[in-house]
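Residue strings, one per chain:
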Amino acid sequence: MNDFWEATRERCLLIQLCRTCEKHQHYPRVLCTTCGGSELDFVEASGRGVVDSFTVVHRAPAAGFDPPYVLARVRLAEGPILLTHLVGDTDWALDRPVRLDWLPLPDGRHLPVFSE
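My aim in this report is to walk through the structure given alongside it, one point at a time.

About the criteria used
- Residues numbered from 1 in each chain as written.
- Predicted model: local features only at pLDDT ≥ 70, side-chain atom pairs only at ≥ 80, totals over all residues.
- Heavy atoms only, no water.
- Helix = DSSP H or I, 4+ residues; strand = E, 2+ residues; numbered from the N terminus.
- Buried < 20%, exposed > 50% of the residue type's maximum accessible area, 1.4 Å probe, protein only.
- Contact = heavy atoms within 4.5 Å.
- Phe/Tyr/Trp six-rings, centres within 6.5 Å; stacked < 30°, edge-to-face > 60°.
- Lys NZ or Arg CZ within 6 Å of the ring centre and 35° of its normal.
- Pairing = 2+ DSSP bridges.
- Core = buried A, V, L, I, M, F, W, Y, C linked by side-chain atoms within 4.5 Å.

### Points about the environment of Leu 31
(1) Moving on: Within the secondary structure, Leu 31 is located in the loop between strand E2 (24–25) and strand E3 (40–44).
(2) Moving on: Of the residues examined, Leu 31 reaches a relative accessible area of 46% and is grouped as partly exposed.
(3) Moving on: Apart from residues no more than four positions distant in its own chain, Leu 31 is found in contact with Gln 25, Gly 36, Gly 37, Ser 38 and Leu 40.

Below, the structure written as structure tokens:
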């Protein structure tokens, strides 16, 4: 998982690719979830996806969250699903195409989010 977060410093979204079955997966794991293979490499995702599901959060679960915000599942063009935020003043809908965007974090990393 360290490779994933380090790559965000350069605004690069990494997902895993199984060299045995050529399937992509995310979050990073030791074995392929499709074939059980262990030949996994990190590759850069295209940054394209579609909204798979979403909800608008109106009550902050803890300090530091500024509602309202949109929490979503985005299916990447490569296949894996990311749990993420949708940003921008948009009337969100299922199957809407989205593109990768980034929110800076205090430690120099960036949080992958998606916008229209």
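### Considering the packing of aromatic side chains
(1) Moving on: One pass over the full model with this rule turns up two aromatic pairs.
(2) Moving on: When the centroid spacing of 5.1 Å and the interplanar angle of 85° are considered together, the rings of Phe 4 and Trp 5 count as edge-to-face.
(3) Moving on: The ring centre of Tyr 27 lies 3.9 Å from the NZ or CZ of Arg 29, which sits over that ring.
(4) Moving on: Note that Arg 109 overlies the ring of Trp 5, its terminal NZ or CZ placed 4.8 Å from the centroid.

### So, the sheet that holds strand E1 (residues 14–18)
(1) Moving on: Pairing within the open sheet is antiparallel, and its three strands lie in the order E2-E1-E3. Edge strands, defined here as strands with exactly one partner in the open sheet, are E2 and E3.
(2) Moving on: Here E1 runs beside E2; their pairing, made up of two bridges, is antiparallel. Its bridge partner being in E2, Gln 16 is matched across the sheet by Gln 25.

### Here's the deal with the nonpolar core
(1) Moving on: Formed by 18 residues in total, the largest nonpolar core has its most connected members in Leu 13, Leu 76, Leu 86, Trp 92, Val 98 and Phe 114.
(2) Moving on: Contributing elements (two or more residues each) for this core: E1, strand E5 (69–76), strand E6 (81–86) and strand E7 (97–104).
(3) Moving on: The element best represented in this core is E5, accounting for four residues.
(4) Moving on: In this view, Leu 76 contacts Leu 13, Ile 15, Ala 45, Arg 48, Gly 49, Leu 82 and Phe 114; residues no more than four positions away in its chain are not counted.

### With respect to unusual backbone geometry
(1) Moving on: With an omega of 15°, the peptide bond running from His 26 to Tyr 27 counts as cis.
(2) Moving on: By secondary structure assignment, the location of Tyr 27 is in the loop between E2 and E3.
(3) Moving on: Its identity is not glycine, yet Glu 22 carries a phi of approximately 65°, on the positive side.
(4) Moving on: Looking at the secondary structure, you find Glu 22 in the loop between E1 and E2.
(5) Moving on: You can call Glu 22 partly exposed: its relative accessible area is 47%.
(6) Moving on: Phi at Asp 95 is positive, roughly 65°, even though this residue is not glycine.
(7) Moving on: Its place among the elements puts Asp 95 in the loop between E6 and E7.

### What about the pairing of strand E8 (residues 110–115)?
(1) Moving on: Taking burial as the measure, the six residues of E8 include five buried ones, the bulk of the element.
(2) Moving on: Looking at chain direction, E7 and E8 are connected through six bridges and run antiparallel. Within E8, the position partnered with Arg 99 by the bridge is Ser 115.
(3) Moving on: Following E7, the chain reverses through five residues before pairing antiparallel with E8; Gly 108 in that reversal takes a positive phi of roughly 100°.

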